[in-house]
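# Structural overview for review
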Amino acid sequence: MTHPAFQRYIGIDYSGAETPDSSLKGLRVYEASRESMPVEVEPPPSPRKYWTRRGLAEWLAEQLSEDVPTIVGIDHGFSFPLRYFEVHHLEPDWPTFLDDFQKHWPTDAEHTYVDFIRHGSRGEGEARSGSARWRRITEERAGAKSVFHFDVPGSVAKSTHAGLPWLRYLRNQLCERVHFWPFDGWEIPAGKSALVEVYPSLWSKSTPREDRTPDQHDAYVAAAWLRQVDTDGSLGKFLKPDMLPGEYPVAQVEGWILGVM
């Protein structure tokens, strides 16, 4: 019997709306423990009713610097298709990608909407754009939309473009304390916290919604699934999805959605 690797499970339904300091109804956080099912985590008391992207990143940095092994699932893309790296002549290295992306798409800056950069009034998005036809191996396998597919229902393009600079922030804040899967390796070292990409659509339909909004439900099912696979011992198989040998190095650059086999 394998022992659970984590003590805390956090599911986040992300939102790329408005600015990093806007209070967003679509940004939801649920947390579970080994013993208890997920409950919603409200933002720290402030005049804003909902989480902001900046507030969430700061809260996560605080939680993950504690000595409590935690796995956090966030539902936006953690990287881009290999084609993007080729077209923009980028080194296939994730930390380098994050720095380069944030330089061109400073979506973590005050008063900045993703669309300001998309439409050229801020940043240099034009120099680092991609095609909606480009998909990562994991997206093709999951039937998920491209991280460049904006302005369509169910798109993660905006939340991905808004969220990437905050992954960079967390990596810079937490350094070696957190394992960013699979970029830091396909296995998560014992005792370490981890950040993973999730796709709540894999589980939301099979879980009764009760009185949760769709955003709450997505965060809830992400936390609930992470808790379930860690406590029932099946997490390990999801950390090493079946691929052709040559696909592993590609997926380590593009990232992978945990739960897609």
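Right above here is the structure, for reference.
Right, let's walk through the structure included here.

Parameters and conventions
- Residues numbered from 1 in each chain as written.
- Predicted model: local features only at pLDDT ≥ 70, side-chain atom pairs only at ≥ 80, totals over all residues.
- Heavy atoms only, no water.
- Helix = DSSP H or I, 4+ residues; strand = E, 2+ residues; numbered from the N terminus.
- Rg over C-alpha atoms; globule rule 2.2 N^0.38 Å.
- Buried < 20%, exposed > 50% of the residue type's maximum accessible area, 1.4 Å probe, protein only.
- Contact = heavy atoms within 4.5 Å.
- Pairing = 2+ DSSP bridges.
- Axes fitted to C-alpha atoms, helices over the stretch in contact; angles between N-to-C directions.
- Phe/Tyr/Trp six-rings, centres within 6.5 Å; stacked < 30°, edge-to-face > 60°.
- Core = buried A, V, L, I, M, F, W, Y, C linked by side-chain atoms within 4.5 Å.
- Parallel < 35°, antiparallel > 145°, perpendicular 65-115°, else oblique.
- Left-handed = near helix turned anticlockwise from the far one by under 90°.
- Nonpolar A, V, L, I, M, F, W, Y, C, P; charged D, E, K, R; others polar.
- Salt bridge = Lys/Arg side-chain N within 4 Å of Asp/Glu carboxyl O.
- Expected span 1.5 Å × (residues − 1).

Moving on to the overall build of the chain. Secondary structure summary: the chain contains 10 helices and 6 strands in total. Taken over C-alpha atoms, the radius of gyration comes to 17 Å for the chain, in line with the 18 Å a tight globule of 261 residues would show. Counting across all 261 residues of the chain, residues that qualify as buried make up 53%. Considering only contacts within the chain whose residues lie at least 6 apart along the sequence, 67% involve residues at least 24 apart.

Now for the sheet that holds strand S2 (residues 28-33). Read from one edge of the open sheet, 6 strands run S3-S2-S1-S4-S6-S5, paired in mixed fashion. Each edge of the open sheet is held by one strand with a lone partner, namely strand S3 (39-40) and strand S5 (178-180). Sheet strands in contact with helix H6 (residues 157-174) are strand S4 (70-74), S5 and strand S6 (193-197), and its direction is about 145 degrees off that of S5.

Right, let's talk about the packing of aromatic side chains for a bit. For the structure shown, the criterion picks out 21 aromatic pairs. Seen from their ring centres, Phe80 and Phe101 are 5.6 Å apart, and the 85 degrees between their planes marks the pair as edge-to-face. With a gap of 21 residues between them, Phe80 in the loop between S4 and helix H2 (82-87) and Phe101 in helix H3 (residues 94-104) connect regions that are remote in the sequence. Phe101 matches Phe80 in its accessibility class, with the two residues each being buried.

Among the nonpolar cores identified, the biggest contains 44 residues, and Ile12, Leu56, Ile74, Phe80, Tyr84, Phe97 and Leu195 are the most heavily contacted of them. Breaking this core down by element, the ones donating at least two residues are strand S1 (8-13), helix H1 (53-64), S4, H2, H3, helix H4 (114-118), H6 and S5. Every residue in contact with Phe80, bar those within four places of it in the chain, is listed here: Phe85, Phe97, Phe101, Arg136, Val147, Phe148, Thr160, His161, Leu164 and Glu254. Judged by nonpolar contacts, the second largest core, of 32 residues, contains Tyr9, Phe238, Leu239 and Val260.

What follows covers the packing of H3 against H6. Where H3 contacts H6, the two axes come as close as 9 Å, and the packing angle between them is 125 degrees. Taken together, the axes of H3 and H6 are oblique relative to one another. In this structure, H3 meets H6 at a crossing whose hand is left-handed. Residues Trp94, Pro95, Phe97, Leu98, Asp99, Phe101 and Gln102 of H3 form the contact with H6, whose participating residues are His161, Leu164, Pro165, Leu167, Arg168 and Arg171. In the contact of H3 with H6, the residues fall into 8 nonpolar, 2 polar and 3 charged.

What follows concerns the pattern of salt bridges. This model, assessed by the stated rule, comprises 15 salt bridges. The partner of Asp99 in a salt bridge is Arg168, and the shortest N-O contact between them spans 2.7 Å. Separated by 69 residues along the polypeptide, Asp99 in helix H3 and Arg168 in helix H6 bring together distant segments of the chain. Salt-bridge contacts for Asp115 lead to Lys158; the nearest nitrogen and oxygen are separated by 3.1 Å. You can see Asp115 sitting in helix H4 and its partner Lys158 sitting in helix H6, a full 43 residues away along the chain. The network of salt bridges with shared partners includes Asp115, Arg118, Asp151 and Lys158.

Taking 1.5 Å per residue as the helical rise, H1 with its 12 residues ought to reach 16 Å, and the 16 Å between its terminal C-alpha atoms agrees with that figure. With 9 of 12 residues buried, H1 lies mostly within the body of the structure. Restricting attention to buried positions, one finds in H1 the residues Arg53, Arg54, Leu56, Ala57, Trp59, Leu60, Ala61, Gln63 and Leu64. Residues of H1 that are buried in the fold lie against S1, S2, S4, H6, S5 and S6.

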